[in-house]
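# Structure at a glance
So you can see what is in the structure, the chains are spelled out below.
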Amino acid sequence: MAHEVLFKPIKVGPVEIKNRLALAPTNTNYSDNHLVGDQTLSWYTTLAKGGLGLLVFEATPVSSEAAETSIYNIHHFWGPEHVPGMRRLVESVHSHGAKIFIQLSPGLGIQAAKRGSGVIPKAPSRVNFRMQAENMPESILKWFAGNPNMVMELEGEMAEELTEEEIERRISAYAQACILAVNTGFDGVEIHSPHGYLVHDFLSPRYNKRTDAYGGSLENRMRFLLRIISAAKEVIESRIALGARLSIDERNEDGIHFDEMRQVAMASAKAGLDYLSVSDGCYEQAKYFAPDEDGTMLEGAMGFKDVIDVPVMTPGLHNPDHAAAAIEDGKTDIVGLSRPVIADPEWANKVQNGEADRIRRCVRCNHCIFCLFNSRAVRCTVNRQNGQERFNLNRLLK
Ligand SMILES: Cc1cc2nc3c(=O)[nH]c(=O)nc-3n(C[C@H](O)[C@H](O)[C@H](O)COP(=O)(O)O)c2cc1C
């Protein structure tokens, strides 16, 4: 199949992107004590050099409160100490002709707190997550079974309810981080709102039991997200792109489903988003967010595309033929790649050069996710160079 369609430029808000291939946000645990160090810089540079038009930098908390429950070695982005590394990163990515957005998180909600660690997550309500074997990809489950000391556990710590004052602080910290993103040179901000993290927790009737203006009706459950969008938009204006990531369906029976998520997508686009990035499920339904086959999110993406008129980004397309067909058929506008480019950061260049058959294919063993869940730096079973990019100068030099 011809793949030219993947290399047509696209405009996202004020940003011109050279092709339809993006790094879907991918937490790496590569930070140097929460700062951008050589490994982060080299990994993202390798991906930009590998031909992706857009990199969405991994989920990044906007304040110490937003970060406090993280069990991961993630990057932070709120103080002057976080800026120089991020600026080097942006410059390096730009030097290879790619654009870079940052996925900013107002908090991790019920996720990412280790049981018994004494760190209590803050969420809309007093709830926790429980991952069940039947809802996880087998490849991930087997890691848990063989590793009694996994850092991430199958059941999360019970959360404490955020007060209205704390909600206000989360929103103003978000706006501050957006100003920082503009000043650092990022081309866009993506609101981290899928997968059972804080914004998703507010949307979901399973996780949000509030009786105030942030709970109950869909209008109330959407309020936190919509306030973040408007706070972000107010400071960003049209200088850089603003997007959000939404799970098309939480997949928990008593959670938020596709019909309501479509309404969330519509209201979010109307509030000023320049694009929408789709995902699926949540930690309790991990088999949906890291699917074992291609194309599982396309129907949901189309459902969103029917009701909004901004570009949509969709992951879960490992085969370049499937990716090209999805764009050709108008099912998505941009293809987001996570595991495929961990396996082969040259994925985009190989497709563009007619060498798709030379791509080192991701085998969906989900070792990368195991590393993440275990608070280790991401590694790949088919790409032994993954995580070592800082030592590979050939990759970095043109
Ligand atoms: C190691 C790893 C880290 C991830 N980190 C994030 C993240 O920071 N934010 C996010 O929204 N999704 C994250 N995801 C989900 C991916 O963006 C993507 O939606 C998912 O892996 C499915 O796409 P794929 O089949 O191309 O891997 C992560 C996935 C992996 C494998």
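Let me sum up the structure you'll find in this document. Here the residue index of a chain counts from 1 through its sequence in written order. Totals for whole chains, interfaces and linings use every residue, but because this is a predicted model, local features are given only for residues with pLDDT of at least 70 and side-chain atom pairs only at 80 or more, for both listing and counting. No hydrogens and no water enter the side-chain calculation; it runs on all heavy atoms of the structure.

## Concerning the packing of helix 8 (residues 223–236) against helix 9 (residues 258–270)
Going by this rule: For every element, the axis is a line fit to its C-alpha atoms; helices are fit only across the contacting stretch, and the angle between N-to-C directions ranges from 0 to 180 degrees. Helix and strand assignments come from DSSP, with helices taken as H or I runs of at least 4 residues and strands as E runs of at least 2, each series counted from the N terminus. An angle counts as roughly parallel when it lies under 35 degrees, as roughly antiparallel when it exceeds 145, as roughly perpendicular when it falls between 65 and 115, and as oblique in every other case. Here a crossing is called left-handed whenever its near helix is offset anticlockwise from the far helix by less than a right angle, and right-handed whenever the offset is clockwise. In what follows, a contact means two residues having at least one pair of non-hydrogen atoms within 4.5 Å. Three classes are used: nonpolar for Ala, Val, Leu, Ile, Met, Phe, Trp, Tyr, Cys and Pro, charged for Asp, Glu, Lys and Arg, and polar for all others, with Gly counted as polar.
Between helix 8 and helix 9, the shortest axis-to-axis distance is 10 Å and the interhelical angle comes to 20°. Classified by the angle their axes make, helix 8 and helix 9 are roughly parallel. The way helix 8 lies across helix 9 gives a crossing that is right-handed. In this structure, helix 8 contributes Leu225, Leu226 and Ile229 to the contact, and helix 9 contributes Val264, Ala267 and Ser268. Counted by class, the contact of helix 8 with helix 9 contains 5 nonpolar, 1 polar and no charged residues.

## Section: the state of the cysteines
Our working definition: Note that a disulfide, as used here, is simply two cysteine sulfur atoms within 2.5 Å.
For the structure on display, the rule yields 0 disulfides. With no disulfide of its own, Cys368 has Cys362 as its nearest cysteine by sulfur position, at a separation of 6.5 Å. Cys365 supplies the cysteine sulfur nearest to Cys380, a cysteine that is in no disulfide, at a spacing of 6.4 Å.

## Notes on helix 1 (residues 38–49)
Put simply, the rule reads: For a helix, the expected span equals 1.5 Å multiplied by the number of residues minus one. For every residue, the accessible area (1.4 Å probe, protein chains only) is compared with the maximum for its type, and the residue is labelled buried under 20%, exposed over 50%, or partly exposed between those bounds.
An ideal rise of 1.5 Å per residue puts 16 Å on 12 residues; helix 1 measures up with 16 Å between its terminal C-alpha atoms. In terms of residue burial, helix 1 counts as a mostly covered element, since 10 of its 12 residues are buried. A positive backbone phi angle near 105° is found at Gly51, which sits one or two residues after helix 1.

## Considerations on the pattern of salt bridges
Oppositely charged side chains may form a pair once their charged atoms are brought near each other. The criterion, for reference: Throughout this description, the term salt bridge denotes a Lys or Arg side-chain nitrogen within 4 Å of a carboxyl oxygen of Asp or Glu.
In total, this model carries 17 salt bridges according to the counting rule given. Residues Glu168 and Arg227 are paired through a salt bridge, measuring 2.7 Å at the closest nitrogen-oxygen approach. In this pair, Glu168 is assigned in helix 5 (residues 164–184) and Arg227 in helix 8, connecting sequence segments 59 residues apart. One salt bridge in this structure joins Asp294 and Arg364, with 2.8 Å as the shortest N-O distance. Of this pair, Asp294 sits in the loop between helix 10 (286–289) and helix 11 (298–307) while Arg364 sits in the loop between helix 14 (347–352) and helix 15 (367–373), placing them 70 residues apart in sequence. The class of Arg364 is buried, set by a relative accessible area of 15%. Taken together, the salt bridges that share partners define one network made up of Glu65, Glu165 and Arg169.

## Overview of the site of the ligand
Selection criterion: Throughout this document, a residue counts as near a molecule or strand when at least one of its heavy atoms sits within 4 Å of that molecule or strand. Distance and chemistry together define a polar contact, namely a pair of N or O atoms within 3.5 Å, with one atom able to donate a hydrogen and the other to accept it when in protein, and with adjacent residues in sequence counting only for side-chain atoms on both sides. Reported accessibility uses the Shrake-Rupley method at a 1.4 Å probe radius. Residues are deemed covered only where the shown protein chains occlude them.
Surrounding the ligand, one finds 21 residues, the nearest of these being Pro25, Gln103, Arg245, His318 and Arg339. Contact between the ligand and Arg245: an oxygen atom at 2.8 Å from a side-chain N or O atom of the residue. If the ligand stood free it would expose 610 Å²; the protein chains cover 97% of that surface. Going through the elements one at a time, strand 12 (334–337), helix 13 (339–343) and helix 15 are the ones with two or more residues in the shell around the ligand. With 3 residues, the single largest contributor to the shell around the ligand is helix 15. Looking at the shell around the ligand, its residues break down into 11 nonpolar, 8 polar and 2 charged.

## So, unusual backbone geometry
One non-glycine residue, Glu237, lies in the positive phi region at around 50°. Residue position: Glu237 is located in the loop between helix 8 and strand 9 (241–247). One non-glycine residue, Asn366, lies in the positive phi region at around 65°. Take Asn366: it is sitting in the loop between helix 14 and helix 15. Overall, the relative accessible area of 2% leaves Asn366 in the buried class.

## Some thoughts on the pairing of strand 9
In plain terms, the rule: Strands are labelled as partners when DSSP assigns at least two bridges between them. Throughout, right-handed denotes a crossover for which the path from the first strand over the helix to the second runs clockwise when the strands point away from the viewer.
Among the 7 residues that make up strand 9, 7 are buried, leaving the element largely enclosed by the rest of the structure. Covered by surrounding structure in strand 9 are Ala241, Gly243, Arg245 and Ser247 together with Leu242, Ala244 and Leu246, the residues of both alternating faces. Of the pairings in the sheet, the one linking strand 9 to strand 10 (residues 275–279) comprises 5 bridges and is parallel in character. Looking across to strand 10, one finds that Leu246 is bridged to Val278. Handedness of the strand 9-helix 9-strand 10 crossover: right-handed.

## A look at the packing of aromatic side chains
Threshold: Stacked, tilted and edge-to-face are the three classes assigned to paired rings of Phe, Tyr and Trp, where Trp is represented by its six-membered ring and a pair needs centres within 6.5 Å; plane angles under 30 degrees give stacked, over 60 edge-to-face, the rest tilted.
The tally for this structure, following the rule as stated, stands at 12 aromatic pairs. Summarising the aromatic geometry, the rings of Tyr30 and Trp43 are spaced 6.2 Å apart at their centres and angled 90° between planes, so their arrangement reads as edge-to-face. Of the two residues, Tyr30 is situated in the loop between strand 3 (21–23) and helix 1 and Trp43 in helix 1; the sequence distance between them amounts to 13 residues. Considered together, Tyr30 and Trp43 belong to a single accessibility category, that of buried residues. Grouped by ring-pair contacts, the aromatic residues Phe129, Tyr197, Tyr283, Phe289 and Phe373 constitute a single cluster.

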